[in-house]
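# Fold and contact review
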Amino acid sequence: MMTQREPIAPRAPIWKVWRWKFHWQVLLAVVVGAVIGLVWARLSVVLQGPDWRDSTITAIADYKLRVIKLIGDLFLAALKMVVVPLVVSSLALSVASLGGRAGFGKMAGISISYFLGSSLIAVLIGLTCVNVIRPGNSGGDEPLLNTERVAQLEADFQAERSKVQSSSGTASGSDLLGVFRHLVPSNPFQAASETNLLGLITIAVLIGLFTPKLASHHSQLMIDFIQAVHDLTMLITDAILKTAPIGVGCLMIATLAEQGSRLLAQDKADSLLLLLQSLGWFAAAVVFGLLLHVFVVLPTLLFIFGRVNPIKHYRAMLPAMLTAFSTSSSNATLPVTIECVEQNVGVSRRTASFVLPLGATVNMDGTALYECVAAMFVVQLFGIELSLADQFLVVMVALLTSVGVAGVPSASLVAIIIILQSLDKQLASRGVEVSLQGGLALILIFDRVLDMARTVVNIFSDSCATVIVARSMGEEGFYESSTGSEVAATIATESADEARGE
Ligand code: ASP
C-alpha cells in the first residue's frame, strides 16, 4: 500500500542569513564585527602619515567609525533602558510568589551558597594560574617595575582612573566597605536613575515580601500592576533583541577598531618591550583561568547539581554569551540572559526572575578570578613575594569586592585598586613601603579585551546558578526548546496566580 509522504520543507539557502537561527546570526555578527574591527585598527595605524590623502582617508574613516559606534551605543542604551523596570518587576513578582519567608529563604539560601562557592573556586583558579605562570616575574634579579617607571605610569593612570570611577557606578572605590554602601539606597528614585542594582534588589525584595501582606484588594492591585509592567518590559525587550545582530556587530567593530589601534600603536615603545611581554603572559593566565572555569568547573557543577547536559546549556545560552562578549556589561546583558534562560533552557519565570538579577549584581566569577590574577601580577612586577597570609587576604578581598562590583565595563578596576591598597597597608605594617597602584596602568592596556571574556563567564555562571536552583526547587523538563517557553509560561502563570493568592 502506498503511503503518502509528508512534503519535505525546502531548506532556506545558506546565504539568507536573516533566515538563520537567532544565535547563529549573533555569532556571525561577532565574527564579522571582529574581523572588520581588527582590519580597521590596522589600517588606521598604517594610514596615519603626513600625506594629505592619508589624513583625508583617516578623517572619513573616523567619521564612519563614529556612526558605527553610535549604532552600537544605541543598542546598548536600549538594553540598559529596560534593566531597571525588568529587575524590579521580575524580582518583586518572584519574591511575592515564593509564598512567604520559607520559600524565599530556601531559594535565597541555595542561590547565595552557589554564588559564594563558585566565586571562591574562580578566585582559587586565578591564584593557582598566576602562581604557576608567574607573568610578572622578570626572570632576572631586577623587578620589572621600579619607582621611576611607576611615577611615569601613575601619571598616565590618573586620567583613566577618574574615567573608571565615574563609569563604574562605585563612586567610592577607596575602601572595601564602600562597595556595600549601595545596599540600602536612601532615595529609591536616585537608585533607579543611577542603575544601582544592589539597592534596587533590596527595594524589589521588600516590595515582594510585603505586597502579599496588604489588604487583599490592594495586594491584588499591586501584583496586577507589577505584572503589567513586567510583561510590557518583556515585549519591549523582545523588540530590542531583534536588532541584536546589528547592535552586537557594531559594538564589536567600534571596540576592536579603537582598542586595536591603541594596542598596535604601542609597538613603538621598545623600552616597554619586557613589560609588554609579561603583559601577554598576564592575559594568557587570565584567559586560561577563565577557560578552565567555564569549560571544566561550571559544566561539572551543572552536571552534578543541575543534572543536565552542559552541551545543551552552552547552545541555549549562546546569544547571551555573545551579547556579554560584545557589551562587556552583565547589567546590559541581563534582559538577554533572562530570555535565554526562560525560553531556551525552560526554567520557570519565578526562578529566573529571582536568581538572574541577583546573580548579575552579586555573582561575578570571571571578575573575581581576574581581580585575583591582576593584583598578584602587579605584586610580582614589583618583585615582592607574598606570604600565604597575604595571599589569603587577596582571595578574601577579591571575593568580597566581586560581590559589590557593578555589572558595567571595567568595573573591576576599582576593586583591584581596593585589593592593592589593602596589600599596601599589610606590607607597610611589615616595614615594606610600596605603592602598588602604579602597576595598574599597565593592566589598562588589555583591560577592555579581557573584560569581554570575564563578562561572558559572569553571566554564564549566573545561568548555571539558575538551573541548579530550579532543579533544587523541583523543576524538570529543561531544553525541550519547543516546549521550553510553554513550560516557562505555564509556571509563570502559576506564579502570578500564587502571588495573587489564588
Ligand atoms: N564588565 C564586568 C561585568 O559587567 C565587570 C568587570 O569585571 O569589570 O560583569
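Conventions used here
Along each chain, the written sequence defines residue order, and numbers are assigned to residues from 1. The predicted nature of this model means local features are confined to residues of pLDDT at least 70 and side-chain atom pairs, given and counted, to a pLDDT of 80 or more, with totals for whole chains, interfaces and linings taken over all residues. Each side-chain value is worked out from all heavy atoms of the structure, with water and hydrogens disregarded. Here a strand is any run of E in DSSP of at least two residues, a helix any run of H or I of at least four, and the numbering for each starts at the N terminus. The contact criterion used throughout is that any non-hydrogen atoms of two residues lie within 4.5 Å. Just to be clear on terms, a salt bridge is a Lys or Arg side-chain nitrogen sitting within 4 Å of an Asp or Glu carboxyl oxygen. Buried, partly exposed and exposed residues are distinguished by accessible area as a fraction of the type maximum, computed with a 1.4 Å probe on protein chains only: under 20%, between the cut-offs, and over 50%, respectively. The term nonpolar core refers to a set of buried residues drawn from Ala, Val, Leu, Ile, Met, Phe, Trp, Tyr and Cys, joined through side-chain atoms within 4.5 Å.

## Quick notes on the environment of Thr 211
Mapped onto the secondary structure, Thr 211 falls in the loop between helix 6 (197-210) and helix 7 (216-242). Sequence separation between Thr 211 and Leu 93 is 118 residues; the distance between their C-alpha atoms is 9.4 Å. Not counting residues up to four positions away in its chain, the partners in contact with Thr 211 are Ser 219, Met 222 and Ile 223.

## Concerning the pattern of salt bridges
Applying the stated criterion to the full structure yields 6 salt bridges. Notably, a salt bridge pairs Glu 342 with Arg 349, separated by 3.3 Å at the nearest N-O pair. Since its relative accessible area comes to 22%, Arg 349 is described here as partly exposed. Put simply, Asp 447 and Arg 454 hold a salt bridge, and the shortest N to O gap is 3.3 Å. For the residue pair Asp 447 and Arg 454, the accessibility class agrees, reading buried in each case. Here the residues in one salt-bridge network are Asp 231, Glu 342 and Arg 349, joined through shared partners.

## Thoughts on the nonpolar core
Phe 282, Phe 354, Leu 436 and Ile 443 are the most contacted members of the largest nonpolar core, which has 130 residues in total. Tallying contributions element by element places helix 16 (residues 440-472) first for this core, with 17 residues. Once residues lying within four places of it in the same chain are set aside, the contact partners of Phe 282 are Pro 135, Tyr 370, Val 373, Ala 374, Phe 377, Ile 443 and Leu 450. One finds Ile 68, Cys 250, Ile 253 and Ala 257 within the second-largest nonpolar core, a separate group that totals 6 residues.

Read these as geometric descriptors, not functional statements.
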